[in-house]
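# Structure at a glance
This is what each chain is made of:
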Amino acid sequence: MSILSIDGKAAKEAAKEAAKGTARTEAPRAGLLDGYRPPEGVIDEMLGPDGQVRPHYRELVSALGGLGEPERARRFGSAAQYLREAGVYYRVYGGQEPGEQTRSWPLAFPPLIIERREWADLVAGLTQRAVFLEKLIADLYGERRLVRDGVLPPAVLGRNPEFLRPIADQGRSGRPLIRFIAVDIGRGPDGRWWVLGDRTQAPSGAGFALENRVATSRAFPDLIRDLKVQRLAGFFQQFRETLNALDDGKGARVGVLTPGPHNETYFEHAYLARYLGFLLLEGGDLAVHGGQVVVRTVDGAKPIHVLWRRLDGDFADPLELHAGSRIGTAGLARAVREGSVEMVNALGSGLLETRALLAFQPALARALLGEELKLPTVATWWCGQEAERAYVSEHRDELSLARAFPQSPNAEERRRPLDLGIRASASARLIEDLDGDGVDVVGQEIVALSTAPVFVDGKLTPRPVTVRVYLARDASGWRVMPGGFARVSTSTDPLAVAMQSGGHSVDVWVPSEKNEKPVTLLFSEQRNFSRRLPSAPPSRAADNLFWLGRYVERAECATRLVRLYASRLAEGERRGTLEAEIGELLTGLDVEAAVADPATTLLKASRMAFATASRIRDRFSPDGWRALREVVDLIESHIRLREPGDLVDVASQALTRLSGFAGLVHENMYHFTGWRFLQAGRLLERGQVSAQVAAAFAKIPEGGLEALLEFADSRITYRRRYSVHLSRETVIDLTVLDPFNPRSVAFQVNGLKSVLDELPGIRRGETLATVSRRIARLQVRLATGDASEVNEAFLLRVATDLGDISDLLGQRYFGAAPLASGEGAEAE
């Protein structure tokens, strides 16, 4: 059976094409397809029912067969390396390990290819479905004629927790309530594509589809060119322009509203925000003042009018929707009612994902469109009706039983992966509900998915596959992304298709008749421009940048201390006062003294920095994030080494990479508000720790001064500047008071004052803020200090002052309440 229903002429052309390509593909495919056997009664995407490679797969199969296993492995490895260096990951919950775990992105090969004529049919069906869903939600949150006319039972709406009553009339505004959706589709045994489910709440995967394409392009740049694979960037370019236009020229930027870094797809949220030039915002970054949504920034409250929502609707407002939400913004529902903010998609759009609606879609489509849907839906029976409940009960063993509505606003439950309507085990509670009124239960047909080829242990193997396709609405209507996000099972079990259940992802290629022109989101037709300074970052982002600077510097200080400790033991020194002081200092750095296991100490310190960097990946280049990832990888790979000499080498390598991060930040990061907060964190942490180290080491009679010089990396400078033997005064002068030594305490304080003077709200000539007065006094104390006067109490007072300055910065810029908006950079 052919993939397409084609007429006789097209069939003859296909036969001629097959004859021409047979000789070319037979030799390579002989070994490549050895043992490739799709299950009986299941359509395979690559092989036809006659066992021959389908025409649109032939060039791919020929290329793969001609590469040879070593070359294929090299190409797959280049894609994996890109994903690893780009830090593409997702989170999983549950399993054998408690809590959440971060997993590398599981890209598999080869890509899934959809023949272009078939794709055209899919586009028509998907576009029609998007129009249907748009009309459906407009009615359910508007006139509700479908319920009034008896097309939809009232209980499907009234018993549905996704129907948000505080904004039940938002559809009356006439504005589209959905603008970006996804549709999960799978091919059935009859060869047709079936809709498995709609994703309208906050559809995930589009960013991963982009990364899949970039990685696959690294492996097969020639094939993508030869097959004229349609590009994805144009789809996102149009979507970006659409959202920017929704602002009506008010000048505020679009925000991506994320649940936060613990969400399983947070990487995607950060990636899309950076790729599209949008703000990445969490609920705590927003406030509602007089019905207007504002962003809490370090320069005051700034308005925002467009939010691309990536968190569940009922979690968006703890005041009116779900009181237990800690990731929402109080008053957001009010702003939606007043029309001051455009939500993409609207709060409550998760209503369209309700399984119970699938049972009524044919009738709903006829009522809303006046025609049948082109793409069929998985057969579904809502058990809130007597006849349907009886049918499902009778055929319980042949159907999949599932919840008709979402059951709980509990965040942990929402993290569990949704099945694709393929098969689900019927729990005792489901069966009990089915035996009751059945309102909360649906029965669904078990779909036998088509299979697609995937390399498993070097051999092509058929695996069940589903495709998630994305659609975006612009002023002219709905557009379909040319490709998608395909998921394949790691086994023959279709339940494992979900990422959370161990499935893999493959790129989706849609060939074109003509060569694709490169598209970049950096291109602009605008000839005249005016340079504008970047706007102030949200307070949360600034807070994370500040603590990223602190944690990176803390990791460096801890590494220097561990290297100092390990090198002394390697030289045969016995543990004594110095080693005890190092342990106390490490405890003060919040990495716990682990002199018996110093490599673990380094790992903990570097992970703290890396975890903070992962929260703000939209704020600095991937190279900077990668440098910190390399530090963690380095120490993890050496964690089994216990010899002090080996640890010295590991610590030195870690310091080199940490210095590389500092260089990347200094050379590549735009030197404005965000950079200043990061720099303030680094300077403050280095100054504070250096003062504490000087106070601890300077009092040690044997080896303390040498250790202080080594920690401050100032041995060579000391030899050049002082012709005398080591003395307490000269070492203290160089490591604490010298304003030209980049490792001295005074140098850090001078740099910190310069950075703080440029922060928002600090204006010369006005009365000094508390934080400005404290840093000015500290600067004078160090500038006028004499080495003979610098004792332990002096140094500990410096460290305490720097800690107080950190607290004052937090109170002024990172607090929950937004500052009054002042002059300065315009809103993001």
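The preceding data block contains the structure.
Residues numbered from 1 in each chain as written. Predicted model: local features only at pLDDT ≥ 70, side-chain atom pairs only at ≥ 80, totals over all residues. Heavy atoms only, no water.

### Quick notes on the side chain of D198
Structurally, D198 can be placed in strand β5 (residues 193-199). Classification of D198 as buried rests on a relative accessible area of 2%. A distance of 2.8 Å separates the side chain of D198 from the side chain of R129, its partner in a polar contact. With residues near it in sequence (within four places) discarded, D198 still touches R129, L133, A182, V183, L352, E353, L358 and Q361. (Helix = DSSP H or I, 4+ residues; strand = E, 2+ residues; numbered from the N terminus. Buried < 20%, exposed > 50% of the residue type's maximum accessible area, 1.4 Å probe, protein only. Polar contact = N/O pair within 3.5 Å; in protein donor to acceptor, adjacent residues only side chain to side chain. Contact = heavy atoms within 4.5 Å.)

### Things to note about the packing of aromatic side chains
Following the criterion strictly, the structure yields 28 aromatic pairs and no others. Ring centres of F546 and F814 lie 5.7 Å apart, and the angle between their planes is 45°; on these two criteria the pair is classed as tilted. With F546 in helix α17 (residues 539-570) and F814 in the segment after α28 (792-813), the pair connects residues that are 268 residues apart, well separated along the chain. For F546, a relative accessible area of 1% corresponds to the buried category. (Phe/Tyr/Trp six-rings, centres within 6.5 Å; stacked < 30°, edge-to-face > 60°.)

### So, the sheet that holds strand β7 (residues 279-282)
Across the sheet, which stays open at both edges, the four strands sit in the order β7-β6-β11-β12 with parallel pairing between neighbours. Looking at the sheet topology across the chains shown, the edges are occupied by β7 and β12 (342-344). On average, each strand axis in the sheet is inclined to that of its neighbour by 30°, with strand direction left out of account. Direction of pairing for strand β11 (residues 306-309) relative to β12: parallel, over a ladder of three bridges. (Pairing = 2+ DSSP bridges. Axes fitted to C-alpha atoms, helices over the stretch in contact; angles between N-to-C directions.)

### Here we look at helix α19 (residues 598-615)
Over its 18 residues, α19 runs 27 Å from end to end, which matches the ideal 26 Å to within 8%, given 1.5 Å per residue. A large share of α19 lies buried, amounting to 13 of its 18 residues. (Expected span 1.5 Å × (residues − 1).)

### Details of the environment of L578
Within the secondary structure, L578 sits in helix α18 (residues 577-588). For the pair formed by L578 and G704, sequence separation is 126 residues and the distance between their alpha carbons is 6.8 Å. Ignoring sequence-local partners within four residues, the contact set of L578 consists of R568, F697, I700, G703 and A707.

### Side note on the sheet that holds strand β14 (residues 399-403)
If you walk across this open sheet you meet the three strands as β13-β15-β14, and the pairing is antiparallel. In this open sheet, the two edge strands, each paired with only one partner strand, are β13 (380-382) and β14. The mean inter-strand angle of the sheet, taken between neighbouring strand axes irrespective of direction, is 25°. Running at roughly 90° to β14, helix α16 (residues 428-435) makes contact with β14 and β15 (441-445) of the sheet.

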